[in-house]
2 protein chains.
Amino acid sequence: MSLNIASDTPLGRVARAPENFLSRQDVAFVNRAGADDRRAFFKKAFAAAAAATLAGARPMQAIAAEGDPAILNLPEHTRGLGLPVAARPYGMPSQFEQNLQRRESPGLTRVSAASVSFCPLQGLFGIITPSGLHFERHHQGWWDIDPSQHRLMINGLVKTPMVFTVDELMRMESVSRIHFIECGANSGMEWANVAVPTVQYTHGMLSCSEFTGVPLIKVLEYCGVDLKKGRYILAEGADGSSMTRTIPMELVESGEVLLAYGQNGEMLRPENGYPLRLVVPGVQGVSWVKYLRRIEVGDQPWATKDEAIHYVDLMPDGTHRQYTSIQECKSVITTPSGGQRLLNPGFYNITGLAWSGRGKIKAVDVSVDGGKTWATAQLQTPVLDKSLTRFSLPWVWKGQDVILQSRAMDSTGYVQPSYRTLRAKRGDKSIYHNNAIQSWRVDAGGEVHNVHVG
Amino acid sequence: MSLNIASDTPLGRVARAPENFLSRQDVAFVNRAGADDRRAFFKKAFAAAAAATLAGARPMQAIAAEGDPAILNLPEHTRGLGLPVAARPYGMPSQFEQNLQRRESPGLTRVSAASVSFCPLQGLFGIITPSGLHFERHHQGWWDIDPSQHRLMINGLVKTPMVFTVDELMRMESVSRIHFIECGANSGMEWANVAVPTVQYTHGMLSCSEFTGVPLIKVLEYCGVDLKKGRYILAEGADGSSMTRTIPMELVESGEVLLAYGQNGEMLRPENGYPLRLVVPGVQGVSWVKYLRRIEVGDQPWATKDEAIHYVDLMPDGTHRQYTSIQECKSVITTPSGGQRLLNPGFYNITGLAWSGRGKIKAVDVSVDGGKTWATAQLQTPVLDKSLTRFSLPWVWKGQDVILQSRAMDSTGYVQPSYRTLRAKRGDKSIYHNNAIQSWRVDAGGEVHNVHVG
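Remember, predicted model here, so these are calculated numbers, not experimental data.

Quick word on the interface of chain B and chain A
Okay, step 1: Each side of the interface is counted separately: chain B has 119 residues, and chain A has 119 residues.
Okay, step 2: Roughly 10,500 Å² of surface becomes buried between chain B and chain A when both sides are summed, with 61% attributable to carbon and sulfur atoms.
Okay, step 3: In terms of surface lost to chain A, no three residues of chain B exceed Val85(B), Phe125(B) and Arg171(B), which account for 9% of the buried area on that side.
Okay, step 4: Counting the contacts that link chain B with chain A gives two salt bridges.
Okay, step 5: Put simply, Glu271(B) and Arg88(A) hold a salt bridge, and the shortest N to O gap is 3.1 Å.
Okay, step 6: Our count for the contact surface shared by chain B and chain A stands at 48 residue pairs in polar contact (both at pLDDT 80 or more).
Okay, step 7: Element by element, the count of residues in the side of chain B that touches chain A is highest for helix α2 (residues 39-47) of chain B, at six residues.
Okay, step 8: Each residue belonging to the side of chain B that touches chain A can be placed in one class, and the counts come to 56 nonpolar, 38 polar and 25 charged.

The structure is reproduced here in structure tokens:
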């Protein structure tokens, strides 16, 4: 099922050197904008006195002696009548959580309509990404398309080319599955050692949702697909970028590729392809074509602009990695992570995310000494196929300078590589598919930094 | 683990007869307001010509002959530049989905600050409820409480009574689990044969989220809980309703009861208890105390106002069912459901939700002939403990008058009862814990109605 086909045609002229992927000046901007954290990383708790496991928790005797305005003054919400039901027919987060938002990295691209907004992984829990915080990657901006005017065409190597409305697709048998989606360029800036400061910018082109839709294979069969000759499909979006991607038919035949209209229980969000997108579990996000309007069945890859000029990596031997679609096993610690600050020694729950485009996460190891020793993290259940998996490890920080790392292994036995290993294989010209181990340095002052070690 | 303790003290004066639960006039209002559906139940597809499985899908030859403006005219989004990334730092649904919202049932209570808004189950997919559409039940209105000013007190039969900030709780080891929450009064109106028209109003006090928090038992142990004497806890909310509920310690000891701050990846929504609520999997929603400010450990149930005057049911023998907390196994078909209309004969994917407060869903049967014969529905995986489970069954409607029903069985072997069975046991004075089989009648014109049969 490997899609790693090294191109025979060197295309050096179109590959951007990593040092140009994000300028130093842009990095400085991101540094300033990126210091949002997990509710200021519990700063109020950490500002309080130290204790072994719970920094500021106080016995009630102490409260009685010292006083605590939050307890001793009866708050308004205990005395008054609150807001009515359906005050917001569609609810929103608390006003106190406004800092948790998806953020652009200005300078990453020339225009914001062809750019990325990053998901604030440092502030999220569990495995489901709130749809309002799902990362965005647009090639020609996003649209809120009227679903009654949208159509999906199936053509190519099928007996009866057909056109479907969204309603017709929604009437068919559907499935719902929880899967991650990751941009192939996620962590791409890390190749260049630019060390953007927070996990939102290093790994935030990553989200996970419960997707609902019709297995594409069912619709192809309805059109009389020729599975003998038709070993590839082309997926085409309706927006101005004319996004087109080749996908091997074997992925479609597995039943995993969906014509999806649902995300986290409701219709897709406009920024994520409403009313129809392709879901290609395990494969990089660019293949999950948004505003999907056409599927063509063919007998060979198309080598479209978005798979011949973009989304290729120049290798040390001068060839290009092309059709490198599967997102290999990867993990990252989200708390503590870059930009956060440990305000006092004591207990911390190290937690993060692991995922693999090839199956389930089998294990995650965590190191608090820069990779010299590793401890096995606990995995949140259920561990699902091609989904984010939350891991955690209890840890007591003694105030020393430490390097935190996580290393994931998937159900195929593949182990997430170090930067050194990955660079030795890929050279220094890659942009995509960086799945190396991420290192966070906690300095003696408690500040957490993005560093490259090992 | 049964909590069904029949009270020895008849409290007939506080029990409202079912006919007063919702007046005929109020039902009329709900009838008018409740006809929203699943994007008009695919009305455009159904208005098209009939076919066996895909009503309106057309071969391309037909398109070429008949024309289709949506294809032949190049839409604006194919020609122009769309909106930039992070145009909405926190995203919202499409403008075309505004009809899908939580809705109040005016007249159900005297003021909207002490009422319910219902979740639009008819328009949802999978098992995750979007947080913006989560049902609401407020007893004294909702608040957006400043988390830095919120405290949780642990007192009663513990060695060291303590006070915690939200940040301190967030610093501890946490877990994330997907669970349903259902109000004990969900489907309560159905006892009275009032037949509200849509599944949003019959079953919409039901939602399902990935909750994140600290197992309460860990915090109690930290305070030195006396588990020998302390066999109950009291949970108290900070809002003006002074919501207090007794919960048996055995549920806490199981590790399932959480001090939760997270919901679907982000912090709880204000309407759902931000910044802290109790999560009591399998138990009715009123015990999931919102704006949680205190846990007291005691040696017997408290019989508070919300468990002695409210949330009790008058039984035929004059006693009351009290502390009836566990939500028994239940299911409902959400599509097709009341208020929707099948515009032509042909294929339909019957789908709905099943759940049990006692464990996992083992099987769901679906009948399309009013319970004479049953077919086994397909269950969406993974099937999780005390979570919603999505079921579906393909079906071809031939245009006849039919009754659709679903019947769930849980991992204990318990089977969802018929109305007749449940009424025979509970009499006609109950408000809470109606888990009877729901029937939808599809008339020969395709209109779907709420009916009581069997």
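Some points on the side chain of Asp443(B)
Residue and element names in this part refer to chain B.
Okay, step 1: With respect to the helices and strands, Asp443 occurs in the loop between β25 (439-442) and β26 (448-451).
Okay, step 2: Arg441 is the oppositely charged side chain nearest to the buried, salt-bridge-free Asp443, at an N-O distance of 5.2 Å.
Okay, step 3: A polar side-chain atom of Asp443 sits 2.9 Å from a polar atom in the side chain of His449.
Okay, step 4: Not counting the four nearest positions on each side in its chain, Asp443 is found in contact with Trp397, Gln400, Asp401 and His449.

Some remarks on the pairing of strand β19 (residues 346-355) of chain A
All names here are of chain A.
Okay, step 1: Burial analysis of β19 places ten of its ten residues in the buried class, which makes it a mostly covered element.
Okay, step 2: Where strand β18 (residues 330-335) and β19 come together, five bridges link them in antiparallel fashion. Residue pairing for β19: Ser331 is matched across the bridge by Ala354.
Okay, step 3: Pairing of β19 with strand β23 (residues 389-397) involves nine bridges; the strand directions are antiparallel. Looking at β23, one finds that Gly346 is bridged to Trp397.

Details of helix α11 (residues 419-426) of chain B
All names here are of chain B.
Okay, step 1: Within α11 the residues assigned to the buried category are Tyr419, Leu422 and Arg426. End-on view of α11: buried residues confined to an arc of 70°, all on one side of the axis. In α11, the exposed positions angled more than 90 degrees off the buried face are occupied by Arg420, Ala424 and Lys425.
Okay, step 2: Positive phi appears at Gly427, one or two residues downstream of α11, with a value of about 75°.

Looking at the relation of the copies chain B and chain A
Okay, step 1: Each copy superposes on the other: chain B lies on chain A with an RMSD of 0.0 Å after a rotation of 180° and an axial shift of 0.0 Å. Look at the turn and shift together and you get a two-fold axis relating the two.
Okay, step 2: Most of the interface of chain B is mirrored in chain A, where 100% of its interface residues are also at the interface.

Some words on the sheet that holds strand β6 (residues 151-156) of chain B
Okay, step 1: Reading across from one edge, β2(A)-β7(B)-β6(B)-β15(B)-β10(B)-β11(B) is the order of the six strands in this open sheet, with mixed pairing throughout. The strands lining the two open edges of the sheet, one partner per strand, are β2 (58-59) of chain A together with β11 (244-248) of chain B.
Okay, step 2: Pairing of β6(B) with strand β7 (residues 162-165) of chain B involves four bridges; the strand directions are antiparallel. Across the sheet, the residue bridging to Ile154(B) is Met162(B), located in β7(B).

Thoughts on the environment of Ser387(B)
Residue and element names in this part refer to chain B.
Okay, step 1: By the element assignment, Ser387 lies in the loop between β22 (378-379) and β23 (389-397).
Okay, step 2: C-alpha separation for the pair Ser387 and Ser209, spaced 178 residues apart in sequence, amounts to 8.5 Å.
Okay, step 3: In this structure, Ser387 is in contact with Ile127, Ile178, His179, Phe180, Cys208, Ala354 and Trp355, ignoring residues within four places of it in sequence.

Observations regarding the confidence of the model for chain A
Residue and element names in this part refer to chain A.
Okay, step 1: Chain-level pLDDT for chain A is 87 on average; 85% of the residues reach the 70-or-more range.
Okay, step 2: Scored below 50 in pLDDT, residues 1-22 shows 56 contacts in the model against residues more than four places distant or in partner chains.
Okay, step 3: Every residue in residues 43-53 is under pLDDT 50, and counting partners more than four places away or in other chains gives 30 contacts.

Some points on the state of the cysteines
Okay, step 1: Within this structure, the stated rule accounts for zero disulfides over all chains.
Okay, step 2: Not part of a disulfide, Cys119(B) finds its nearest cysteine sulfur in Cys208(B), a span of 10 Å.

Some points on the sheet that holds strand β5 (residues 136-137) of chain B
Residues and elements named next belong to chain B.
Okay, step 1: With respect to topology, three strands assemble into an open sheet ordered β3-β4-β5, the strand pairing being antiparallel. Two strands bound the open sheet, and with one partner strand each, they are β3 (103-104) and β5.
Okay, step 2: Two elements, β3 and strand β4 (residues 116-118), share two bridges in a ladder whose sense is antiparallel. Across the sheet, Arg103 pairs through a bridge with Phe118, a residue of β4.

About the cut-offs
Residues numbered from 1 in each chain as written. Chains lettered and ligands numbered in written order. Predicted model: local features only at pLDDT ≥ 70, side-chain atom pairs only at ≥ 80, totals over all residues. Heavy atoms only, no water. Contact = heavy atoms within 4.5 Å. Buried area = accessible area lost by both parts, 1.4 Å probe. Salt bridge = Lys/Arg side-chain N within 4 Å of Asp/Glu carboxyl O. Polar contact = N/O pair within 3.5 Å; in protein donor to acceptor, adjacent residues only side chain to side chain. Helix = DSSP H or I, 4+ residues; strand = E, 2+ residues; numbered from the N terminus. Nonpolar A, V, L, I, M, F, W, Y, C, P; charged D, E, K, R; others polar. Buried < 20%, exposed > 50% of the residue type's maximum accessible area, 1.4 Å probe, protein only. Lys, Arg positive; Asp, Glu negative; His and termini not counted. Pairing = 2+ DSSP bridges. Arc of directions from axis to C-beta. Least-squares fit on C-alpha atoms with pLDDT ≥ 70 in both. pLDDT = per-residue confidence, 0-100. Disulfide = S-S within 2.5 Å.

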